[in-house]
Amino acid sequence: MLAAPFPYIATTAGWMTAELGRQPWLIYGLMRTASGFSPRVSAANGLFTLIGFMGMYTVLSILFLWLVYREIEHGPEEA
């Protein structure tokens, strides 16, 4: 039961590693940070996407917690 959050942690860590690794040219001085944005994407589009992902992760987190609670409440099968 203590290992239940490990898959979530591993998935999130892998996602963060992939996303943080997308901008090495900005980090290593090959391109300036000011040149690393898209002028066609507005702040409103970025905010809308951020809120959408936050909402999706909130719903998935609530569903995950509810399923874990239901399993714990049900208890193990009798042998």
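Model, not experiment: these values are computed from the prediction. (Residues numbered from 1 in each chain as written. Predicted model: local features only at pLDDT ≥ 70, side-chain atom pairs only at ≥ 80, totals over all residues. Heavy atoms only, no water.)

Peer 1: Lay out the overall build of the chain with the relevant residues and their values.
Peer 2: Across its full length, the chain holds 3 helices and 0 strands. When the elements of the chain are put in sequence order from the N terminus, they spell out α-α-α. Over its C-alpha atoms the chain spans a radius of gyration of 20 Å, topping by over 25% the 12 Å that the globule rule assigns to 79 residues. Viewed in the frame of its principal axes, the chain has a C-alpha envelope of about 65 × 30 × 10 Å. For the chain, the proportion of its 79 residues judged to be buried stands at 1%. About 7600 Å² of surface is accessible on the chain, with carbon and sulfur atoms providing 71% of the total. For the chain, the distance from the average position of its 4 positive side-chain charges to the average position of its 5 negative side-chain charges is 33 Å. (Helix = DSSP H or I, 4+ residues; strand = E, 2+ residues; numbered from the N terminus. Rg over C-alpha atoms; globule rule 2.2 N^0.38 Å. Buried < 20%, exposed > 50% of the residue type's maximum accessible area, 1.4 Å probe, protein only. Areas by Shrake-Rupley, 256 points an atom, 1.4 Å probe, with all protein chains shown as cover. Lys, Arg positive; Asp, Glu negative; His and termini not counted. Charge placed at Lys NZ, Arg CZ, Asp CG, Glu CD.)

Peer 1: Describe the confidence of the model for the chain, naming the residues involved and giving the relevant values.
Peer 2: A residue-level look at the chain finds 91% of positions with pLDDT of 70 or above and a mean pLDDT of 87. Mean pLDDT across the elements of the chain bottoms out in helix 2 (residues 24-27) (65) and peaks in helix 3 (residues 43-74) (96). (pLDDT = per-residue confidence, 0-100.)

Peer 1: Quick rundown of the environment of L67? Include the residues and the values.
Peer 2: Along the polypeptide, L67 turns up in helix 3. A residue is classified by how much of its surface remains accessible, and L67, at 34% relative accessible area, is partly exposed. Placed 55 residues apart in sequence, L67 and T12 show a C-alpha to C-alpha distance of 19 Å.

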